[in-house]
Amino acid sequence: MATINYRNMKIGQILMAHKAITQEQLRDALAEQQKTPEKRIGQIFVEKGVLTPVHVAKALALQHGLQFVNLSNYAIPPEMLDVFPKEVIRQYTILPLKKTDKKIWIAIDEPSDIITISDNIGFLLGRDVECVMSATPDLEAAIKKTLGEEETSLPTDDYEAALQGYDGGELD
């Protein structure tokens, strides 16, 4: 069976290929996007209740060749904040997940500026940067919890479990 090259596909095509939306839903969302061009198609699907932010994030991960990470049950190891300034986390809306001597993994929710983020963070920290995709609400909640802006803590620091090994299958 041939492998699908998602990088050459539009987000609507990816969502249809995974049967997350119908052709009619895509047409409706595209028509709405013509009226409100500042909105991205994924945002329109979420606002209409057609998809969840996780569906959209997984499709974006496929489109950009990134792994998807579920941050809803992931706690950032405290030592990550020792090497990663809180101001940078807030400025870029990113979250450090794991590090080695030469590499750091960060969660993002907007892959369109991945090169800028990777270059800036890599330069700042002197490490290679690997980005993984997360749903916006999960990333924002994890940032608040990590920075102590919410009282509750996330239950696990198992990075590999959070990645869930998403293989490009169903978006559910």
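Residues numbered from 1 in each chain as written. Predicted model: local features only at pLDDT ≥ 70, side-chain atom pairs only at ≥ 80, totals over all residues. Heavy atoms only, no water.

A. Examining the overall build of the chain more closely. Helices and strands together make up the secondary structure of the chain, namely 9 helices and 3 strands. Helices (α) and strands (β) of the chain occur, in sequence order from the N terminus, as α-α-α-α-α-α-β-β-α-β-α-α. Residue burial in the chain is summarised as follows: out of 172 residues, 43% are buried. In the chain, the proportion of contacts linking residues at least 24 apart, taken out of those at least 6 apart, comes to 65%. For the chain, the exposed area adds up to about 9700 Å²; of that, 49% sits on carbon and sulfur atoms. (Helix = DSSP H or I, 4+ residues; strand = E, 2+ residues; numbered from the N terminus. Buried < 20%, exposed > 50% of the residue type's maximum accessible area, 1.4 Å probe, protein only. Contact = heavy atoms within 4.5 Å. Areas by Shrake-Rupley, 256 points an atom, 1.4 Å probe, with all protein chains shown as cover.)

B. Broad picture of the nonpolar core. Counting residues in hydrophobic clusters, the biggest one holds 48 residues, and the most contacted among them are Leu 71, Phe 84, Leu 95, Ile 106 and Ile 121. Counting residues per element, this core draws most heavily on helix H4 (residues 53–64), at 6 residues. In contact with Phe 84, not counting residues within four places along its chain, are Ile 89, Ile 94, Pro 96, Ile 104, Ile 106, Ile 121 and Leu 125. (Core = buried A, V, L, I, M, F, W, Y, C linked by side-chain atoms within 4.5 Å.)

C. Highlighting the environment of Val 56. Note on placement: Val 56 falls in helix H4. When the C-alpha positions of Val 56 and Ala 135 are compared, they lie 7.5 Å apart, and in sequence the two are 79 residues distant. Those residues in contact with Val 56, other than ones at most four positions away along the chain, are Ile 11, Gly 42, Val 46 and Leu 51.

D. Up close: unusual backbone geometry. The residue Lys 19 is not glycine, and still its phi comes out positive at about 60°. In this fold, Lys 19 is placed in the loop between helix H1 (11–17) and helix H2 (23–35). You can call Lys 19 exposed: its relative accessible area is 72%.

E. Representation of the sheet that holds strand S1 (residues 95–99) in the model. Read from one edge of the open sheet, 3 strands run S1-S2-S3, paired in mixed fashion. Only two strands of the sheet have a single partner each, and these edge strands are S1 and strand S3 (128–133). Within this sheet the neighbouring strands show an average axis-to-axis angle of 30°, counted without direction. Of the strand pairs in this sheet, strand S2 (residues 103–108) and S3 are connected by 6 bridges, and their pairing is parallel. From the neighbouring strand, Ile 106 faces S3, where its bridge partner is Cys 131. (Pairing = 2+ DSSP bridges. Axes fitted to C-alpha atoms, helices over the stretch in contact; angles between N-to-C directions.)

F. Structural detail: the layout of surface pockets. Space inside the largest pocket adds up to approximately 590 Å³. In this structure, the largest pocket is lined by 24 residues; those nearest its centre are Arg 40, Gly 42, Gln 43, Val 56 and Leu 60. Breaking the lining of the largest pocket down by element, the ones donating at least two residues are H1, H2, helix H3 (41–48), H4 and helix H8 (136–146). If one sorts the elements of the lining of the largest pocket by residue count, H4 sits on top with 5 residues. A class-by-class count of the residues in the lining of the largest pocket yields 12 nonpolar, 8 polar and 4 charged. (1 Å grid on protein atoms, 1.4 Å probe; cavity = no way out; pocket = protein on both sides within 12 Å on 5 of 7 lines; lining within 4 Å. Points joined across faces, edges and corners; volume = space filled by probe spheres on them. Nonpolar A, V, L, I, M, F, W, Y, C, P; charged D, E, K, R; others polar.)

G. Structural detail: the packing of aromatic side chains. If you walk through the whole model with that rule in mind, you get 0 aromatic pairs. Of note, Lys 98 hangs over the ring of Trp 105, and the distance from its end group to the ring centre comes to 5.0 Å. (Phe/Tyr/Trp six-rings, centres within 6.5 Å; stacked < 30°, edge-to-face > 60°. Lys NZ or Arg CZ within 6 Å of the ring centre and 35° of its normal.)

H. H3, seen in detail. Of all the positions in H3, only Ile 41, Gly 42, Ile 44 and Phe 45 are classed as buried. The buried residues of H3 occupy an angular sector of 160° when projected down its axis, which confines them to one face. Check the buried side of H3 and you find it contacts H1, H2 and H4. Looking one or two places after H3, you find Gly 49, whose phi comes out positive at around 80°. (Arc of directions from axis to C-beta.)

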